[in-house]
Amino acid sequence: MAADPKQSETLRQIQAAFEASQAQLAELRQQVEKHSSLAKAKAQGDLIQREKERVFRELGEAVFKLAQKGRLELPASFAPLLKAIEQVHHKAEAQAREITDLLMEGEETAQRMKQKNAGPPNSGVAPRAKKL
């Protein structure tokens with residue numbers, strides 16, 4: 001029995017479309033793997049950068065503490081930086097005091113409201129009935 005030429009052509013077209021799809025899928029897979037590798041490398045770079053910043057911050061704090069105690073003398077060119085750090089430190093202390101004051105004020109207000117809402121102490125005796 002001879003194969004139908006239309007059916008053979010259709011099968012060839014389906015086979016060609018299937019092979020093209022497989023090629024596209026392989027290309028997409030390569031691109032996804034490449035982007036995945038790039039994302040992993042960027043994430044690793046970000047972690048390293050954060051670690052570097054943390055270490056620099058710790059070094060700076062240690063140097064600042066030693067300079068404050070007089071155990072380390074820094075060049076005069078560091079004076080503006082030391083002054084800026086001290087100013088920021090004073091601002092942070094003032095902010096902390098302000099927050100503490102606000103919290104205390106809120107607590108005092110809450111206590112006053114509690115006392116006001118509590119009303120007179122309960123005597124344990126039922127109030128008289130009002131006449132209508």
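Coordinates for the structure precede this section.
A brief look at the structure comes next. Just so you know, these numbers come straight off a predicted model, no measurement behind them.

Conventions adopted
Residues numbered from 1 in each chain as written. Predicted model: local features only at pLDDT ≥ 70, side-chain atom pairs only at ≥ 80, totals over all residues. Heavy atoms only, no water. Helix = DSSP H or I, 4+ residues; strand = E, 2+ residues; numbered from the N terminus. Rg over C-alpha atoms; globule rule 2.2 N^0.38 Å. Buried < 20%, exposed > 50% of the residue type's maximum accessible area, 1.4 Å probe, protein only. Lys, Arg positive; Asp, Glu negative; His and termini not counted. Charge placed at Lys NZ, Arg CZ, Asp CG, Glu CD. Salt bridge = Lys/Arg side-chain N within 4 Å of Asp/Glu carboxyl O. Patch = residues over 30% accessible without salt bridge, like charges linked within 9 Å, V, L, I, M, F, W, Y side chains within 5 Å. Areas by Shrake-Rupley, 256 points an atom, 1.4 Å probe, with all protein chains shown as cover. Contact = heavy atoms within 4.5 Å. Expected span 1.5 Å × (residues − 1).

Concerning the overall build of the protein chain
A tally of regular secondary structure across the protein chain gives two helices and zero strands. In terms of overall size, the protein chain is more extended than a compact globule, its C-alpha atoms giving a radius of gyration of 38 Å where 132 residues would be expected to give roughly 14 Å. Principal axes of the C-alpha set define a box for the protein chain whose edges measure 110 × 85 × 20 Å. For the protein chain, with 132 residues in total, the buried portion stands at 1%. One finds the centroid of the 22 positive side-chain charges in the protein chain at a distance of 10 Å from the centroid of its 18 negative side-chain charges.

Quick word on the environment of L11
Turning to its location among the elements, L11 is positioned in helix α1 (residues 5–69). Owing to a relative accessible area of 55%, L11 belongs among the exposed residues under this scheme.

With respect to the pattern of salt bridges
What the rule picks out here adds up to three salt bridges. Between R12 and E9 there is a salt bridge, and its shortest N-O distance comes to 3.8 Å. Residue R12 and its partner E9 are both found in helix α1; the two are separated by three residues, about one turn of the helix. Taking the relative accessible area as the measure of exposure, R12 reaches 53% and is therefore exposed. E9 gets classed as partly exposed once you look at its relative accessible area, which sits at 37%.

A closer look at a negative patch on the surface
Residues E98, D101, E105, E107 and E108 make up a contiguous surface patch of negative charge. For E107, a relative accessible area of 46% translates into the label partly exposed.

Concerning the environment of F64
Tracing the sequence through the fold places F64 in helix α1. With 60 residues separating them along the chain, F64 and D4 place their C-alpha atoms 89 Å apart. For F64, the residues in contact, after removing those within four places along its chain, are L82, I85 and E86.

A word on α1
For α1, built from 65 residues, the straight-helix expectation of 96 Å at 1.5 Å per residue is met to within 8% by its first-to-last C-alpha distance of 96 Å. One or two residues past the end of α1 sits G70, with phi positive at roughly 80 degrees.

Geometry only, nothing functional implied.
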